[in-house]
Amino acid sequence: MDTKVGSVDVASPDGEVSSVQTSAVPISHSESTLGRHIARRLVQIGVSDVFSVPGDFNLALLDYLVAEPGLNLIGCCNELNAGYAADGYARSRGVGACVVTFTVGGLSVINAIAGAYSENLPVICIVGGPNSNDYGTNRIIHHTVGLPDFTQELRCFQTVTCFQAVVNDLEDAHELIDKAISTALTESRPVYISVSCNLPTISHPTFSREPIPFSLSPKLSNQMGLEAAIEAAAEFLNKAVKPVMVAGPKLRVAKACDEFVELANSCGYPVAVMPSAKGIFPEEHPRFIGTYWGVVSTPFCAEILESADAYLFAGSVFNDFSSVGYSLLLKKEKAIILQPERVLIGNGPAFGCVLMKDFLIGLSKRLKKNTTAYENYCRIYVPEGKVVKPEPKQALRLNVLFHHIQNMLSGDTVVIAETGDSWFNCQKLKLPKGCGYEFQMQYGSIGWSVGATLGYAQAATDKRVITCIGDGSFQMTAQDISTMIRCGQNNIIFLINNGGYTIEVEIHDGPYNVIKNWNYTALVDAIHNGEGKCWTSKVFCEEELVEAIEMATKEKRDCLCFIEVVVHRADSSRDTLEWGARVAAAGGRAPNPQ
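Because the structure is predicted, anything quoted here is derived from the model rather than measured.

**Details of the UniProt feature "domain: Thiamine pyrophosphate enzyme central" (unreviewed entry) in the protein chain**
Then, number 1: Under the UniProt annotation, "domain: Thiamine pyrophosphate enzyme central" (unreviewed entry) lies at residues 230-341.
Then, number 2: This span, residues 230-341, is 27% helix and 20% strand, and a straight line between its end C-alpha atoms measures 13 Å.

Have a look at this one:
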């Protein structure tokens, strides 16, 4: 069976490839240019929106992207947000792309590209580069640090991309671009492509026909290793009394989400998700027990998982954030750790060249059904208490806000949670079938959610994005609200105004965590400026919140809706307090004696 990477067909082992998107418009020799080739390649891999900021080095290339019928060029307010938007787009579509100018644009977008790298997202980052005639000379050009060396930008990108292509010669341009795109898709990481500003308009024989459709060779498991890994894992789990399963974020990279669900269906184990994997496993599944996040786990989830005698972690990422300052009560000898191409059982053995998807399919046929751990969970589970009803016109509390956000969720919505207290409040949301969920846990760059909302909404037009962002994060990237309005998006953005960096306060407080308060609704109204569809509301109590949500979901359902929620500075979740204290303790450890 063929599989897909973005919209690219991956050849099956017998060599057959399905058709890909092609243009009905024939290419004449005059159109056989590098710019046209790049535009067509983006369409072929499933990119229909490209996020950009113009600059003199990329203008000629942008002309070709604008002219391509299958592409929509979206101008962003700054390069950082363009990169965040490509990140959000890749989460929905499978691949994203952004185009910026040389060095001043490239070094601005690089933070977003680093975030995409940390989250295993294939983003094609294209930079308009210097004139090809300037390479190898001793010239100093603008938009650089003033040295006759054009490699500063390239050297920076080498650490946050899996492939770098500097296209300053048409002879190998076709090969370099195709290699870069193929690598992004197969490695599921960003790539960097620099294109000399004078080349996009020039015809060349290698571009004289419609680009040959992409066909990526499939990765295959080592069959003997796969069988040995399945046998060892089945023996390990079948002798356990109360085994459990945990979904991790790299299930998506391994394209093994469906197979993980099938294994859960067949084995009867309770299933938890790591915080960065929320939304990957269906929360309506009968044996879903919540988020495993150490002491800030969903109630009763950690107790079941940490008391298990065997646990299977699929695509897990353990860092100081996900381990709550390295405080998880797990034992390596009880764990099977699955990565996209590797299986580790207890303290050993380890099996390489084993694809996670193949392993899960085979394991589901070998496990005995065991519901013991889930039955234990049912015995100890006590439903969470209801939110205390506030007094009339009482100052709004965060738990009341998220109670109402919960009621907004459906299969037609997606939740995007900004770094900060929204991480913990959004983790508590119960996602109905089909409801998406995204946040950036590994990199944790505050302000990410504004651009990510723009990109995700542009890719998933059948969903309404609900974004929760704090005031400190919003001040980082607020400008691209304007791009959302220009694109006609109907996102609902909850701006939580509590006067500072709440999550930093809980790790280490100081005067630097207090920010200048803005009139956020007035700011968005000014950005709106009467052009496009946008509606704003500032709420201080539950009654006003209910009215705002009613308006946003009914009369203003076709508008971008921005709801500023004013809460007390000290109003944060119990989980934020607990997590912050433990992460602070981990970060504040004294040096080991030398």
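**Things to note about the packing of aromatic side chains**
Then, number 1: Under the definition given, this model contains 19 aromatic pairs.
Then, number 2: Ring geometry for F313 versus F318: centroids 5.2 Å apart, planes at 65 degrees, classification edge-to-face.
Then, number 3: For F313, a relative accessible area of 1% translates into the label buried.
Then, number 4: The exposure class assigned to F318 is partly exposed, which follows from its relative accessible area of 39%.
Then, number 5: Ring centres of F321 and W423 lie 5.7 Å apart, and the angle between their planes is 75 degrees; this geometry places the pair in the edge-to-face category. Here the residue F321 occupies a position in the loop between strand 12 (310-314) and strand 13 (335-339), and W423 occupies one in helix 14 (residues 421-427), the gap between them amounting to 102 residues.
Then, number 6: Aromatic rings pair up to connect W293, F321, W423, F424, Y437 and F439 into one cluster.

**Considering the pattern of salt bridges**
Then, number 1: For the structure shown, the criterion picks out 13 salt bridges.
Then, number 2: Note that E68 and R40 form a salt bridge whose closest N and O atoms lie 3.1 Å from each other. Taken as a pair, E68 in the loop between helix 2 (59-67) and strand 4 (72-75) and R40 in helix 1 (residues 34-44) lie far apart in primary sequence, 28 residues in all. Exposure class is identical for E68 and R40. Each is buried.
Then, number 3: In this structure, K538 and E564 form a salt bridge, with 3.8 Å as the shortest nitrogen-oxygen distance.

**Examining the sheet that holds strand 11 (residues 288-291)**
Then, number 1: Strand order in the open sheet made by the seven strands is 11-10-9-12-13-14-15, with mixed pairing throughout. Each edge of the open sheet is held by one strand with a lone partner, namely strand 11 and strand 15 (350-352). Ignoring strand direction, the axes of neighbouring strands in this sheet form an average angle of 15 degrees.
Then, number 2: Of the strand pairs in this sheet, strand 14 (residues 342-345) and strand 15 are connected by three bridges, and their pairing is antiparallel. Within the sheet, the bridge partner assigned to R342 lies in strand 15 and is G352.
Then, number 3: Contacting strand 12, strand 13 and strand 14, helix 11 (residues 356-364) crosses the sheet at an angle of about 135 degrees to strand 13.

**Quick notes on helix 19 (residues 520-528)**
Then, number 1: All buried positions along helix 19 are accounted for by Y520, T521, V524 and H528. Considered in projection along helix 19, the buried side chains sweep an arc of 100 degrees and stay on one side of the axis.
Then, number 2: Packed against the buried residues of helix 19 are helix 16 (471-477), helix 17 (481-486), strand 19 (492-497), strand 20 (534-539) and strand 21 (560-566).
Then, number 3: A positive phi of about 55 degrees marks N529, the residue just after helix 19.

Analysis parameters
- Residues numbered from 1 in each chain as written.
- Predicted model: local features only at pLDDT ≥ 70, side-chain atom pairs only at ≥ 80, totals over all residues.
- Heavy atoms only, no water.
- UniProt positions renumbered as here; feature names shortened; annotations may be inferred.
- Helix = DSSP H or I, 4+ residues; strand = E, 2+ residues; numbered from the N terminus.
- Phe/Tyr/Trp six-rings, centres within 6.5 Å; stacked < 30°, edge-to-face > 60°.
- Buried < 20%, exposed > 50% of the residue type's maximum accessible area, 1.4 Å probe, protein only.
- Salt bridge = Lys/Arg side-chain N within 4 Å of Asp/Glu carboxyl O.
- Pairing = 2+ DSSP bridges.
- Axes fitted to C-alpha atoms, helices over the stretch in contact; angles between N-to-C directions.
- Contact = heavy atoms within 4.5 Å.
- Arc of directions from axis to C-beta.

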